[in-house]
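Observations on chain architecture
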Amino acid sequence: MNVSVIIPTLNEEAYIGALLESLKLQTYKSFEVLVVDCGSTDNTRTIVKRFKFTTLLKEKGPVGNQRNKGGVKAKGDILFFLDADVVCNKQFIEKCVERMTKRKIDIAVPFYIPTPGGFIINVFYGFFNVLFFIFQKYSPSGAGSCIIVRKSVFTNAGGFKQYYQFDDIEFIRRASLFGTFSVLPVS
């Protein structure tokens, strides 16, 4: 199964390198990486160009517009929308694809783990992970830092509404009308 990773950026030089390094180390190898930049004035684009496996696209904001550009250009069957400040463990894509395929899931979010954390932040994220999990059948939800969706569902749902506040939650709920949603037991 082919995968596309879509990363919207705007002045992400402090984070994008770590994310791309973590993608380079993935055990799942059949994926492309599309970085959709909306006019960074720092070294974001220079850092992205150092990673030969990336494709750098340009698109004006807001972030929903960038995600849509990547989603339309993507060649993968499964799209991973990641924020630039995310880091993935080396089996992240493999585990997500495996669980989505095995359980016939069309749109998913993982458990979100902050790094570095701290007690208060970990409690906060833990609370939202539990809420997302408990209510996944009644009110699908998650954060834009990682949304995983089959390209067919992304297309049928019409992509992200670029001018919505909380476009990530709105997209998850709308896309789940076109397929099966799940919180994956992956972080």
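All of the points below concern the structure found in this document. (Residues numbered from 1 in each chain as written. Predicted model: local features only at pLDDT ≥ 70, side-chain atom pairs only at ≥ 80, totals over all residues. Heavy atoms only, no water.)

**Details of unusual backbone geometry**
So the rule is basically this: Numbering of helices and strands runs from the N terminus; a helix is a DSSP stretch of H or I covering at least four residues, while a strand is a stretch of E covering at least two.
Put simply, Gly61 and Pro62 share a cis peptide bond, and its omega is 5°. Within the fold, Pro62 resides in the loop between strand S3 (54-58) and helix H3 (63-73). At Asn11, a position not held by glycine, the phi torsion is positive, near 55°. Mapped onto the elements, Asn11 comes out in the loop between strand S1 (3-9) and helix H1 (16-24). Although it is not a glycine, Lys104 sits at a positive phi angle of roughly 55°. On the secondary structure map, Lys104 appears in the loop between helix H4 (92-103) and strand S5 (107-109).

**Focus on the environment of Phe154**
Quick reminder of the rule: Contact criterion: two residues are considered in contact whenever any of their non-hydrogen atoms come within 4.5 Å of each other.
For Phe154, the location among the structural elements is in helix H6 (residues 151-157). Residues Phe154 and Ile105 lie 49 residues apart in sequence; the distance between their C-alpha atoms is 13 Å. Ignoring any residue separated from it by four or fewer positions in sequence, one finds Phe154 in contact with Arg67, Asn68, Gly71, Val72, Leu79, Phe81, Val149, Gly159, Phe160 and Phe171.

**Let's talk about H4**
To be explicit about the condition: One fewer than the residue count of a helix, multiplied by 1.5 Å, yields its expected span. In this scheme, a residue with accessible area under 20% of its type's maximum is buried, one over 50% is exposed, and one in between is partly exposed, where area comes from a 1.4 Å probe on protein chains only. Arc, as used here, means the arc of the directions from the helix axis to the C-beta atoms.
Taking 1.5 Å of rise per residue, 12 residues should cover 16 Å, and H4 covers 17 Å from first to last C-alpha, within 8% of that figure. Regarding H4, the residues found buried are Phe92, Ile93, Cys96, Val97 and Met100. Viewed end-on, H4 has its buried residues packed into an arc of 120°, placing them on one side of the element. For H4, the secondary structure elements touched by its buried residues are S1, H1, strand S2 (31-37), strand S4 (78-82), S5 and strand S6 (146-150). Two residues or fewer past H4, Lys104 is found with a positive phi of approximately 55°.

**Concerning the side chain of Gln66**
We count it as follows: Each polar contact in these results corresponds to two N or O atoms within 3.5 Å; when the atoms are within protein, one needs to be able to donate a hydrogen and the other to accept it, and residues that are neighboring in sequence are counted only if both atoms are side-chain atoms.
Turning to its location among the elements, Gln66 is positioned in helix H3. Judged by its relative accessible area of 4%, Gln66 is buried. Reaching out from Gln66, the side chain makes a polar contact with the backbone oxygen of Val36 at a distance of 2.6 Å. With residues near it in sequence (within four places) discarded, Gln66 still touches Pro8, Thr9, Val36, Asp37, Cys38, Glu59, Lys60 and Gly61.

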